[in-house]
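# What the coordinates show
Chain residues, written in single-letter form:
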Amino acid sequence: MAALNAAEVEAYPVIISTRNNGIPSYIFPVMTDFNAVICMAKIDGKDYLLDASKKFLPFGELSLSSINDRGRVIFSKNQSDWVTLANAVPSKKSYNIMAKLDSTGKMKGTIRAQYNGLDALIKRSEIDSYNTFEEYEEKLVEGVSSIRLMSSKVENLEEVEKSLIEVMEFEMDMRDNYRGDNFILNPIMYDRTTNNPFKLDERNYPVDLGAPQIEVFNINISVPVGFNLSNKPKDSAMTLPENSAKYTFRSIFDNNILLLQQTTTLNKAIFTPEEYFHLKEFFSRIIQQQMTDFQFKKI
């Protein structure tokens, strides 16, 4: 704040309570309710909340720990006001998978992952927590037991205003998926949701995700000549009330190429306790959809 004021940028401190400290009282707020400070900068008539608590935070974005309902901006000794703590930039993960399956059951391909918003912050912080990129690669290999990573590289690790991009070359042994003249395939082979993040039977307080969330899979898999698609998951589309969340799953098989697109969108950061059951059921159905294999049969 002092640096911004020295640069003739109007700025004020904002006292906040981090997530692990609870929500401050609105009616009678006291200093003990707060345990951290961020900054508000006023530039060209617009307010920006600035958070210096994390190394890889871009301008105008808050860390997840700092997003805790609202903070108190201190304009002067006699004037202060509440300000909503939120990120306008959605958390987004996009996966582009291109692969080829040969007649021996070996698959080779490339996974291109792109991260934005809080997802980029989390991924950058994870990579930075290792002493070397090689150590991170070793841990990455341990975490993806179903596929064998041949190589990986990361772009824009330090350029926080850009998307973080991770490119991985992989191999996968699918011989166990063959049954005579048939084989099965689940194209979402990386970072598939297998456990419902919402496990409670009921919830008495809101679900605060920190930001709207988007996850996209675009998958292109070439299968051996002489096989045809005999069974597949039905295309699916789900929407929660008031368009608060949306899910689509579509696939096409043509000219020995399976194309699949899956998109999961949570259009708001906070879901009320009344919306919890719908959110839980939403993810339960997504997991069920992803568990169904594509079945191929020799022509």
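Conventions and cut-offs
Residues numbered from 1 in each chain as written. Predicted model: local features only at pLDDT ≥ 70, side-chain atom pairs only at ≥ 80, totals over all residues. Heavy atoms only, no water. Phe/Tyr/Trp six-rings, centres within 6.5 Å; stacked < 30°, edge-to-face > 60°. Helix = DSSP H or I, 4+ residues; strand = E, 2+ residues; numbered from the N terminus. Buried < 20%, exposed > 50% of the residue type's maximum accessible area, 1.4 Å probe, protein only. Lys NZ or Arg CZ within 6 Å of the ring centre and 35° of its normal. Contact = heavy atoms within 4.5 Å.

## Quick look at the packing of aromatic side chains
If you walk through the whole model with that rule in mind, you get 17 aromatic pairs. With 5.7 Å between their ring centres and 75° between their planes, Tyr95 and Tyr190 make a pair best called edge-to-face. Taken together, the positions of Tyr95 in strand 6 (residues 91–101) and Tyr190 in the loop between strand 11 (182–185) and strand 12 (207–208) put the pair 95 residues apart, joining distant regions of the chain. Across this residue pair, the class does not change: Tyr95 and Tyr190 are buried. Here the guanidinium or amino end of Lys268 rests over the ring plane of Phe271, the centre of that ring lying 5.2 Å away.

## A closer look at the environment of Gln79
Within the fold, Gln79 resides in the loop between strand 4 (70–74) and strand 5 (80–84). Given a relative accessible area of 48%, Gln79 falls into the partly exposed group. Separated by 46 residues in sequence, Gln79 and Asp33 have C-alpha atoms that sit 18 Å apart. Apart from residues lying up to four places away in sequence, Gln79 is in contact with Val73 and Ile74.

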